[in-house]
Amino acid sequence: MSFVFTSDRGAEPQGVRGLAWLALSAVVVALDQWTKAMAVASLELHRPVPFIDGFWNWMLARNYGVAFSLFDDHAGWQRYGLSAFALLVAAVFLVWLTRLARRERATSAALALFIGGAIGNVVDRLRLGYVVDFVDWHIGEHHWPAFNIADSAIVSGAVLMVLAAWIDARRSRGRSLR
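Thresholds, definitions, all that
- Residues numbered from 1 in each chain as written.
- Predicted model: local features only at pLDDT ≥ 70, side-chain atom pairs only at ≥ 80, totals over all residues.
- Heavy atoms only, no water.
- Buried < 20%, exposed > 50% of the residue type's maximum accessible area, 1.4 Å probe, protein only.
- Helix = DSSP H or I, 4+ residues; strand = E, 2+ residues; numbered from the N terminus.
- Pairing = 2+ DSSP bridges.
- Phe/Tyr/Trp six-rings, centres within 6.5 Å; stacked < 30°, edge-to-face > 60°.
- Polar contact = N/O pair within 3.5 Å; in protein donor to acceptor, adjacent residues only side chain to side chain.

1. Notes on the pairing of strand 3 (residues 131-139)
Next up, step 1: Where burial is concerned, most of strand 3 is hidden: seven out of the nine residues are buried.
Next up, step 2: As judged from the six bridges shared by strand 2 (residues 56-63) and strand 3, these two strands associate in the antiparallel manner. Looking at strand 3, one finds that Ala 61 is bridged to Asp 133.
Next up, step 3: Pairing of strand 3 with strand 4 (residues 142-143), which is carried by two bridges, proceeds in the antiparallel orientation. Each residue of the ladder has a partner; that of Ile 139, found in strand 4, is His 142.
Next up, step 4: What sits between strand 3 and strand 4 in their antiparallel hairpin is a turn of two residues, with Gly 140 showing a positive phi close to 60°.

Written out as structure tokens, the structure is:
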């Protein structure tokens, strides 16, 4: 599956040059680990610190599961099972990244964000046995599950991927109507 922003679907894959996108992944991992270290050093577990009153707290949390605390049953398999799964997905995305055409920048950026986010959370999972979360968004007493920079990169990558697919579909329809 490939998302293209041009009519040139036969463009040559970027190959090893596509690995330059891993610089974005590295920035995500570095920023994620740095902000998590700051959160661990300055926040108390489950004690919210208001940032934007009525909407945003800083709050240290430990996530033993995946997004939205799915599989957060502390059975122990998550540490290595979820890490292995994340590394497998990152490897598949890495191969996909090298096979994209040079013009497929949005898809390349999305994959780089996914890879960086996955690696950022794997570092925590393998080092600590859980993922450090510290952003707590809420409206009144209704809280979104706590998250971190890695989670934000994964979500941003997903949004970018959907946007790239939507643009590609619109362009494909436009070509087929001619």
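Back to the text.
2. Some details on unusual backbone geometry
Next up, step 1: A positive phi angle, near 60°, is found at His 46, a position not held by glycine.
Next up, step 2: Here His 46 lies in the loop between helix 1 (22-42) and strand 1 (49-52).

3. Some points on the packing of aromatic side chains
Next up, step 1: For the coordinates displayed, the defined rule picks out 11 aromatic pairs.
Next up, step 2: Both rings, one in Phe 93 and one in Trp 96, keep their centres 5.8 Å apart while their planes meet at 65°; by these two values the pair is edge-to-face. Of this pair, Phe 93 and Trp 96 both sit in helix 2 (residues 77-99), three residues apart, which is roughly one turn of that helix.
Next up, step 3: A ring pair is formed by Phe 93 and Phe 114, whose centres lie 5.1 Å apart and whose planes are at 50°; its orientation type is tilted. Residue Phe 93 is located in helix 2, and its partner Phe 114 is located in helix 3 (residues 105-128); the two are separated by 21 residues in the primary sequence.
Next up, step 4: Through a chain of ring-to-ring contacts, the aromatic side chains of Phe 51, Phe 55, Trp 56, Trp 58, Phe 134, Trp 137 and Phe 147 assemble into a single cluster.

4. Some details on the side chain of Asn 63
Next up, step 1: Mapping Asn 63 onto the fold places it in strand 2.
Next up, step 2: At a separation of 2.8 Å, a polar atom in the side chain of Asn 63 contacts the main-chain amide nitrogen of Gly 65.

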